[in-house]
Amino acid sequence: METIFIAIVIILLVVIAVRSGSGGRNKYARYYGARKCPHCGNKIPGEVSVCEFCHRDVPKVF
Ligand SMILES: [Zn+2]
């Protein structure tokens, strides 16, 4: 009985570590706050080629 409980705790810790680690964080960093628009200075996703705030062309990073 005790070993099953310990196993469940270990599994939960692994799931939490995987979720908070590589998954969501890198995705977020790739999006908002990745860089600033050179024209208006607003934070924009790294993947866009047109600023969503001032609608001017921005150099695409990749
Ligand atoms: Zn802009």
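None of the values given here were measured: they were computed from a predicted structure.

**So, the overall build of the chain**
Move 1: Helix and strand counts for the chain stand at 1 helix and 2 strands.
Move 2: The N-to-C order of helical and strand elements in the chain reads α-β-β.
Move 3: With 62 residues in all, the chain has 11% of them scored as buried.
Move 4: Contacts in the chain between residues far apart in sequence, at least 24 positions, make up 7% of those at least 6 positions apart.
Move 5: Roughly 5300 Å² of accessible area belongs to the chain as shown, and the carbon and sulfur atoms make up 64% of that amount.

**Here's the deal with the confidence of the model for the chain**
Move 1: Per-residue pLDDT for the chain averages 79, and the proportion of residues at 70 or more is 76%.
Move 2: Of all secondary-structure elements in the chain, the lowest mean pLDDT belongs to helix H1 (residues 2-30), at 74, while strand S2 (residues 43-44) reaches the highest, 88.

**Observations regarding the coordination of the zinc ion**
Geometrically, a metal with four donors at the corners of a regular tetrahedron has ideal angles of 109.5 degrees, and one with six donors at the corners of a regular octahedron has ideal angles of 90 or 180 degrees.
Move 1: Bound to the zinc ion on the protein side are Cys37 (SG), Cys40 (SG), Cys51 (SG) and Cys54 (SG), at distances that span 2.3 Å.
Move 2: Overall, cysteine 37 belongs to the buried group, its relative accessible area being 4%.
Move 3: A residue is classified by how much of its surface remains accessible, and cysteine 54, at 26% relative accessible area, is partly exposed.

**Digging into a nonpolar patch on the surface**
Move 1: Together, Phe5, Ile6, Val9, Ile10, Leu13, Val14 and Val18 line one region of the surface with nonpolar side chains, adding up to about 660 Å² of accessible area.
Move 2: In this structure, leucine 13 sits in helix H1.

**What to know about unusual backbone geometry**
Negative phi values dominate among residues other than glycine, just as trans dominates among peptide bonds.
Move 1: Its identity as a non-glycine residue notwithstanding, histidine 55 has a phi of 60°, on the positive side.
Move 2: Here histidine 55 lies in the segment after S2.
Move 3: Take histidine 55: its relative accessible area is 59%, and that puts it in the exposed class.

**What to know about the environment of isoleucine 44**
Move 1: Within the secondary structure, isoleucine 44 is located in strand S2.
Move 2: As a C-alpha pair, isoleucine 44 and valine 58 span 14 residues in sequence and 9.9 Å in three-dimensional space.

**Re the environment of cysteine 40**
Move 1: Counting through the fold element by element, cysteine 40 comes out in the loop between strand S1 (35-36) and S2.
Move 2: Cysteine 40 sits 14 residues away from cysteine 54 along the chain, and the two C-alpha atoms are 6.6 Å apart.

Conventions we followed
- Residues numbered from 1 in each chain as written.
- Predicted model: local features only at pLDDT ≥ 70, side-chain atom pairs only at ≥ 80, totals over all residues.
- Heavy atoms only, no water.
- Helix = DSSP H or I, 4+ residues; strand = E, 2+ residues; numbered from the N terminus.
- Buried < 20%, exposed > 50% of the residue type's maximum accessible area, 1.4 Å probe, protein only.
- Contact = heavy atoms within 4.5 Å.
- Areas by Shrake-Rupley, 256 points an atom, 1.4 Å probe, with all protein chains shown as cover.
- pLDDT = per-residue confidence, 0-100.
- Donors = N, O, S within 2.8 Å, 3.2 Å for Na, K, Ca; no water.
- Patch = residues over 30% accessible without salt bridge, like charges linked within 9 Å, V, L, I, M, F, W, Y side chains within 5 Å.
- Salt bridge = Lys/Arg side-chain N within 4 Å of Asp/Glu carboxyl O.

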